[in-house]
Amino acid sequence: MTTPTDLRYTASHEWVRTESDGSLTVGVTDHAQEALGDVVFLELPEAGRVVAAGEAIAVIESVKAASDIYAPVAGEIIASNEAAVDAPESVNADAYAAWLFKIKPADGADTGALLDAAGYEAAIG
Amino acid sequence: MAQHTPLYATHVAAGARMVDFAGWDMPVNYGSQIEEHHAVRRDAGMFDVSHMLALDLAGADAKAFLRGLIANDVAKLVEPGKALYSCMLNPDGGVIDDLIVYFLSDTSYRIVVNAGTADKDVAWIQQRLASTGTQATLTVRRDLAMIAVQGPNARTKTWAAIPGSEAASNTLKPFQAAAFGDFFIARTGYTGEDGFELTLPSEQAAATWNALAAAGVAPCGLGARDTLRLEAGMALYGNDMDESVSPLDAGLAWTVDLKDPNRDFVGKAALVANGARRQVLGLVLEDKGVLRSHQKVFTAQGEGETTSGTFSPTLEKSIAMARLPLGVAPGDSVEVDIRGKRLKARVVKASFVRNGKGLI
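Residues numbered from 1 in each chain as written. Chains lettered and ligands numbered in written order. Predicted model: local features only at pLDDT ≥ 70, side-chain atom pairs only at ≥ 80, totals over all residues. Heavy atoms only, no water.

(A) Here's a closer look at the nonpolar core. Residue and element names in this part refer to chain B. Membership of the largest hydrophobic core comes to 33 residues, with the highest contact counts inside it found for Phe-47, Leu-89, Tyr-102, Met-241 and Leu-252. Mapped onto this core, the elements with two or more residues apiece are strand S5 (83-89), strand S6 (95-105), strand S9 (144-150), strand S11 (183-186) and helix H8 (222-231). Per element, the largest residue contribution to this core is 4 residues, and it comes from S5. Setting aside residues no more than four positions away along its own chain, Leu-252 makes contact with Tyr-85, Cys-87, Ala-235, Met-241 and Pro-247. Within the second largest apolar cluster, 27 residues are counted, among which are Ala-62, Leu-69, Ala-118 and Val-266. (Core = buried A, V, L, I, M, F, W, Y, C linked by side-chain atoms within 4.5 Å. Buried < 20%, exposed > 50% of the residue type's maximum accessible area, 1.4 Å probe, protein only. Helix = DSSP H or I, 4+ residues; strand = E, 2+ residues; numbered from the N terminus. Contact = heavy atoms within 4.5 Å.)

What follows is the structure, given as structure tokens:
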């Protein structure tokens with residue numbers, strides 16, 4: 001299991017990368033893909049959708065089970081990764097390369113609650 | 001505190017992902033569940049099924065007792081080692097458990113029951129033995145381990161791994177077993193492929209597992225076991241039937257033997273009175289998504305429910321078994337409620353893959 005130190009994390013197993021334009025790129029962690037097992041289906045939010053922090057906005061299904069993916073902050077979806085939808089196994093191959101969606105945080109959206117790598121590793125024990 | 005099979009340390013050493021299953025700490029996968037699934041369809045894989053329980057029933061009345069205990073009829077077993085799949089019913093016709101009975105002689109049988117129901121099964125059988133005044137003794141065999149070796153190459157790889165086993169088992173027909181020293185080798189399984197289920201002393205389990213691995217049999221977890229059995233259309237107790245469901249409503253009418261009018265068995269009167277009220281058919285999802293258990297199905301004849309669903313690695317489609325109203329037929333188009341969306345599915349027979357080949 002890997003937890004890159006240049007990313008931030010949620011307790012619900014999303015990773016979050018802040019881009020130079022202030023948008024956030026979101027995926028699921030290596031720990032999450034390992035727990036899920038072989039990923040076979042992704043349902044991602046459409047660009048333009050306005051989401052609330054903590055809202056279930058995507059679904060990841062492995063052979064074993066379906067899991068929700070949550071918006072790490074309030075904002076607007078600006079892109080989703082169609083390549084990952086077409087090849088869900090790419091999440092297992094490299095969870096940090098297979099991003100799922102990009103979100104433009106709403107004005108004043110709070111990113112302070114996101115965990116750093118050490119915080120996430122502590123959270124998952 | 002979860003229970004451990006004799007192979008627990010072997011699984012942990014192999015890096016298996018362990019999960020609780022019916023109170024047992026069991027491997028769900030070692031690496032990719034899909035790779036494990038394909039190993040069984042294309043070559044050979046093995047499963048630790050030591051959480052299941054073997055029970056030996058012996059005594060002058062053993063045969064008569066079993067004819068009254070279970071819905072299939074052990075009287076049809078005449079060849080030594082022959083196996084029979086059956087449901088054990090409650091008086092209302094609900095399924096207490098599904099099990100396999102091996103005929104050793106008219107006075108001696110081996111019964112294999114599910115892990116999650118084992119305690120209640122033993123209590124029920126003991127109570128029936130006492131209340132019917134049966135001359136037979138039930139012995140609980142927690143001293144035994146069980147390894148299922150499954151796949152087109154399962155038998156030859158088993159023979160390579162276990163010296164002497166070939167002569168003891170190469171004439172076995174499907175659903176037949178033979179003793180081999182301390183081993184009991186059955187040509188049975190839960191995957192839709194050829195292979196063996198080996199019952200053996202616990203202390204020999206790890207060495208046997210390692211010998212099978214050295215012969216090229218892939219360790220497989222309960223995850224692959226579930227996708228394999230679902231593709232084969234085999235019922236899973238607790239998902240596809242339970243104490244509230246009759247075998248006639250669970251697609252298991254073929255296991256209920258009503259031929260002998262003089263044979264009574266627990267639950268028979270309820271089955272005869274109620275008849276079949278539902279049927280089990282397969283679904284193949286035509287929209288994108290994954291079918292799971294307990295999703296609502298909308299048909300022209302009314303609502304039904306999926307009882308087991310998954311992504312089929314062999315077919316690369318999502319499939320399910322569903323309990324549907326009578327009158328729905330293969331070829332029908334239905335809708336399934338998946339998280340609030342109605343997705344299209346096609347009705348097929350509840351048997352998707354056999355011996356490596358897709359049937360739909």
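(B) Main features of the packing of aromatic side chains. All names here are of chain B. Taken as a whole, this structure holds 7 aromatic pairs over all chains when the rule is applied. Judged by centre distance (5.1 Å) and plane angle (85°), the ring pair of Tyr-102 and Phe-184 falls under edge-to-face. On the criterion of sequence distance, the pair formed by Tyr-102 in strand S6 and Phe-184 in strand S11 is long-range, its members being 82 residues apart. Classification of Tyr-102 by relative accessible area gives buried; the value is 4%. (Phe/Tyr/Trp six-rings, centres within 6.5 Å; stacked < 30°, edge-to-face > 60°.)

(C) Spotlight on the environment of B:Gly151. Residue and element names in this part refer to chain B. Mapped onto the elements, Gly-151 comes out in the loop between S9 and helix H5 (154-161). Note on Gly-151: relative accessible area 1%, which makes it buried. The spatial distance from the C-alpha of Gly-151 to the C-alpha of Asn-355 is 8.0 Å, given a sequence separation of 204 residues.

(D) Quick look at the pattern of salt bridges. For the structure shown, the criterion picks out 28 salt bridges over all chains. In this structure, B:Arg187 and B:Asp194 form a salt bridge, with 2.8 Å as the shortest nitrogen-oxygen distance. Between B:Glu303 and B:Lys296 there is a salt bridge, with the nearest N and O atoms lying 3.8 Å from each other. Looking at B:Glu303, the relative accessible area reads 42%, which means it is partly exposed. In this structure, a network of salt bridges that share partners links the residues A:Glu43, A:Glu61, B:Arg292, B:Arg339 and B:Lys341. (Salt bridge = Lys/Arg side-chain N within 4 Å of Asp/Glu carboxyl O.)

(E) Focus on the sheet that holds strand S3 (residues 45-48) of chain B. Residue and element names in this part refer to chain B. Strand order in the open sheet formed by 6 strands is S10-S11-S12-S9-S3-S13, and the pairing between neighbours is mixed. Two strands close off the open sheet at either side, each with one partner strand: strand S10 (177-180) and strand S13 (218-219). The sheet contact formed by S3 and S13 spans 2 bridges and is parallel. Note that in S13 the partner of Gly-45 across the bridge is Ala-218. Packed on one face of the sheet, helix H2 (residues 33-42) meets S3, S9 and S13 and runs near 115° to S3. The sheet strands contacting helix H7 (residues 205-214) are S3, S9, S11, strand S12 (195-201) and S13, and the helix crosses S9 at an angle near 15°. (Pairing = 2+ DSSP bridges. Axes fitted to C-alpha atoms, helices over the stretch in contact; angles between N-to-C directions.)

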